[in-house]
Structures are given as C-alpha cells and as structure tokens.
Amino acid sequence: MLAIRRLALWQIYLGAGALLTALYVWVPPFAASGPVFNLLGLSPVVAIVVGVRRYKPASRGPWRWFAVGMLLFWLGDLYTYSYPRLFGADVPFPSLGDGAYVAVYPALMAGLFVLVRRRSPRPDPAAWIDALILTIGFGLLSWVFLIAPNVHLSGQAVTWFAKGVSAAYPIGDVLLLGAAIRLAVDAGKRAPSFYLLISSIVCLLVTDSAYNLALLKGTYSHDQLIYDAGWISYYLLWGAAALHPSMRTLEEPGLISRTRLTPLRLALLAGACLIAPCVRFAQQIDNPDVLVLVVASAVLFLLVVSRMAGLVRQEERTATRELALRTAGVELVAAAGRKQVNDAAISAVLALLGAPAGVRFVLSNGDT
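Worth saying up front: this structure is predicted, and the values here are computed from it rather than measured.

A look at the confidence of the model for the protein
Moving on, step 1. A residue-level look at the protein finds 87% of positions with pLDDT of 70 or above and a mean pLDDT of 86.
Moving on, step 2. Confidence, read as mean pLDDT per element, is least for helix α1 (residues 2-6) in the protein (56) and greatest for helix α9 (residues 226-243) (96).

And the structure:
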C-alpha cells in the first residue's frame, strides 16, 4: 500500500490502464468487451480534465482541443462497438462512427499547432521546411500503400463517398503526422509529457496504418485484438501526458531559440528524401535501365548532403569560435585582477581549441 502511495498519478493511471488492457485482451469475460474498451477510450478525456485542473498550465487551449479530439474518438468507439450489440448487425460503412473518427484529426491538429505556436513564439522557417520534408517523404509511403489503393477500390457496392471516407483515414494520419513532426522539430522543452504525447501519436499512426493495410488485403478479423491494443496504448499515453506534472511546461520555449541541423536531423531529412527513389526502385526491380538512373540519382543526392553537412559543421565551428572570442573580450574588460584575466584567457583558449589541452598563461608588464 505504501508503494502505491509513492507512485505519481500518471503512473497509477498507466498501471491501471495496463491491467484493464490485459483483461481486455486475454481474460474472459472481459476479453473483447465493448464496455471495457469504451471505458479505456473515455479515460484520456477525464485525464486531460484532471491534469488541467491539477497542474494549471498557462494556456489551456491546446488541452481543450485534445479533449475534444479524444471525446470524438470515444464517441466513434461507442457507436462502432455498441452497434452490433444493439442492432445485431455489422456496422455499415460509412457510418456516424466514421464521421466522428475523421473529425478527430482536425481537433488534434489544432491543439498541436496551438502548442507549437506557444513553444516557438518567433518565426522558424527552418523547422517548417524540415517538417514538410519529413511529412511529404513519409506521406509518399501512405499514398502508395494506403491512400491510392483506397481511392482505386472497385466493386459495385463501393461508392465514391465510401472511397472518400476510406481515403480520409490515411490522409488524416499523414496530416496529423505532419503536425506531430512540426512539434518534434521545434526548439521547445523536451519534458516527459512531450515524449508521452509523441509516443501516443506514434501508436495511433502505426495502428491506423496496420489496420488500413489489413482491410485492403482482406486479412482483418474482429477477433484480432492487437489493433485494439494499439489504440488503447494511444489512449493511455495521451492521458498520461496530461497527468504528468511536466504538462504545465510543455508549452514553454527551449533555451536555444534557433533550430540546429544536427547529424540525426540531417540523416532523417536525407532518409525522407530517399523514400520516393526507393519506392521507384522496388517498382522497377526488373528494369535495369531505370534502376541505374534511380541508384545514380540517390548516390548523387547523398554526396550533396554529405558536402552540405561538412559546410554546416564548418559554419558551426566558426560561430563557436566567434562566440568564444566575444565572451573572452567581455570577461577581459570586466576583469578586476590578474587571476580573473588569467581565467578569462585560459577559458577562451580552451573554447577555441575545442578539446582538453594544457594551457599556461603568462602575464608581463613590459619590463621583463
């Protein structure tokens, strides 16, 4: 009992949610229970309300949008999982539940963009460009494997409206991915609530993509609870993000206001740009003439990226040296004695060398 008291509210929430999830997946009569699933789906809405009232973030706007989005998701679940029990038939497609599900995307995106604006009060075109590159790159995969197949569905019973609703899900996932990437590449604080929120969105996008792919291939079955487990993870992680004390600092800008082109970010950008050539490579695997062009283009692109990386590193080293010299100049002007002059000079030399080194500073009055 004492150990439970030591747990934070968000940890208790995740633990209780994990227990209910295990019951839902493996233990009759809770297995595949609609009420249990709906209870888990409603929990992040309650968690957001509790978190906002408990921690009082400076701006409640993002969390209100998040609560609306989670409530819409729950309403879609309530309709979809209750319909067979109430009417003894499968849920028609499209249905009111699909309308609620599709409306989730603009609500969550609105909250994310409000959060981005508060975390990055100054214009940051570099972050927007990076987010667009990554979104378009990963969006191409969604287009090839999810969006285009849904648009080109054939059959007498498949109407244009049904095709549009089918395609709206992967399109919404891509747009939500773009909003999440924009949040991830900004210069705001990386609090635990931030990572819980991003993890929740990843769970939603991965589960949605796997579910849509299974529907297109005809391999989906209602007794495959792995998809429900993915959506439950999305619920619980978002609720935990709202219940973590760091949610009040989620909207605060970071200490470094400008976007840095780190090696990891450059690698992600390069990878996103190579998605289209890789898809083309896979589609033309039996056409050697096209493969030569694709591979040569990819190699040339990587060489250009490598050259750019070298220039960026050189520019950063130059900026670091200039900052070290300016800082040393200020410290030398403010120095009140030999010890402070010595410390300022040694600090500047170490900053310029960029590595541990033995430095000795000798002061002379000109007579010796």
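Text resumes after the structure shown.
What about the nonpolar core?
Moving on, step 1. Core analysis: the biggest nonpolar cluster contains 54 residues, and I48, W63, F66, L176, L197, Y234 and W238 have the highest contact counts within it.
Moving on, step 2. Going through the elements one at a time, α2 (9-26), α3 (34-55), α4 (61-87), α5 (96-119), α7 (160-184), α8 (192-217) and α9 are the ones with two or more residues in this core.
Moving on, step 3. Discounting residues that sit within four places of it in the chain, W238 has contacts with I48, W63, F66, M70, L108, L197, S200 and I201.
Moving on, step 4. Membership of the second largest hydrophobic core comes to seven residues, among which are A127, L134, V185 and A272.

Comments concerning unusual backbone geometry
Moving on, step 1. At the junction of P28 and P29, the peptide bond is cis and its omega measures out at 0° in the coordinates.
Moving on, step 2. Following the sequence through the fold, P29 ends up in the loop between α2 and α3.
Moving on, step 3. The omega angle of the peptide bond from F93 to P94 is -5°, so this bond is cis rather than trans.
Moving on, step 4. With respect to the element layout, P94 can be found in the loop between α4 and α5.
Moving on, step 5. A positive phi is found at A32, a non-glycine position, where the angle reads about 55°.
Moving on, step 6. Positionally, A32 belongs in the loop between α2 and α3.

Considerations on the environment of A184
Moving on, step 1. Relative to the assigned elements, A184 resides in helix α7.
Moving on, step 2. For A184, the contacting residues outside a window of four places in its chain are R190, F194 and I198.

Points about the side chain of S43
Moving on, step 1. Turning to its location among the elements, S43 is positioned in helix α3.
Moving on, step 2. Polar side-chain contacts of S43 include one of 2.9 Å to the side chain of Y13.
Moving on, step 3. Not counting chain neighbours up to four residues away, the residues in contact with S43 comprise Y13 and L236.

Things to note about the packing of α4 against α5
Moving on, step 1. Contact geometry for α4 and α5: axes closest at 8 Å, N-to-C directions at 165°. The angle between α4 and α5 places the two elements in the roughly antiparallel class. Helix-helix and strand crossings are classified by hand; for α4 and α5 the assignment is left-handed.
Moving on, step 2. Classifying every residue of the contact of α4 with α5 by side-chain character gives 21 nonpolar, five polar and one charged.

Quick word on the side chain of D98
Moving on, step 1. Looking at the secondary structure, you find D98 in helix α5.
Moving on, step 2. Of the buried charged residues, D98 lacks a salt bridge, with R85 as the closest side chain of opposite charge at 16 Å.
Moving on, step 3. Reaching out from D98, the side chain makes a polar contact with the side chain of Y169 at a distance of 2.5 Å.
Moving on, step 4. Residues within four places of D98 in sequence aside, it is in contact with P92, F93, V165 and Y169.

Brief notes about the packing of aromatic side chains
Moving on, step 1. Applying the stated criterion to the full structure yields 18 aromatic pairs.
Moving on, step 2. When the centroid spacing of 5.8 Å and the interplanar angle of 70° are considered together, the rings of F37 and Y235 count as edge-to-face. Highlighted residues: F37 in helix α3 and Y235 in helix α9, separated in sequence by 198 residues.
Moving on, step 3. The exposure class assigned to F37 is buried, which follows from its relative accessible area of 0%.
Moving on, step 4. Between Y211 and Y227, the ring centres sit 6.1 Å apart and the planes meet at 70°, which makes this aromatic pair edge-to-face.

Calculation rules
Residues numbered from 1 in each chain as written. Predicted model: local features only at pLDDT ≥ 70, side-chain atom pairs only at ≥ 80, totals over all residues. Heavy atoms only, no water. pLDDT = per-residue confidence, 0-100. Helix = DSSP H or I, 4+ residues; strand = E, 2+ residues; numbered from the N terminus. Core = buried A, V, L, I, M, F, W, Y, C linked by side-chain atoms within 4.5 Å. Buried < 20%, exposed > 50% of the residue type's maximum accessible area, 1.4 Å probe, protein only. Contact = heavy atoms within 4.5 Å. Polar contact = N/O pair within 3.5 Å; in protein donor to acceptor, adjacent residues only side chain to side chain. Axes fitted to C-alpha atoms, helices over the stretch in contact; angles between N-to-C directions. Parallel < 35°, antiparallel > 145°, perpendicular 65-115°, else oblique. Left-handed = near helix turned anticlockwise from the far one by under 90°. Nonpolar A, V, L, I, M, F, W, Y, C, P; charged D, E, K, R; others polar. Lys, Arg positive; Asp, Glu negative; His and termini not counted. Salt bridge = Lys/Arg side-chain N within 4 Å of Asp/Glu carboxyl O. Phe/Tyr/Trp six-rings, centres within 6.5 Å; stacked < 30°, edge-to-face > 60°.

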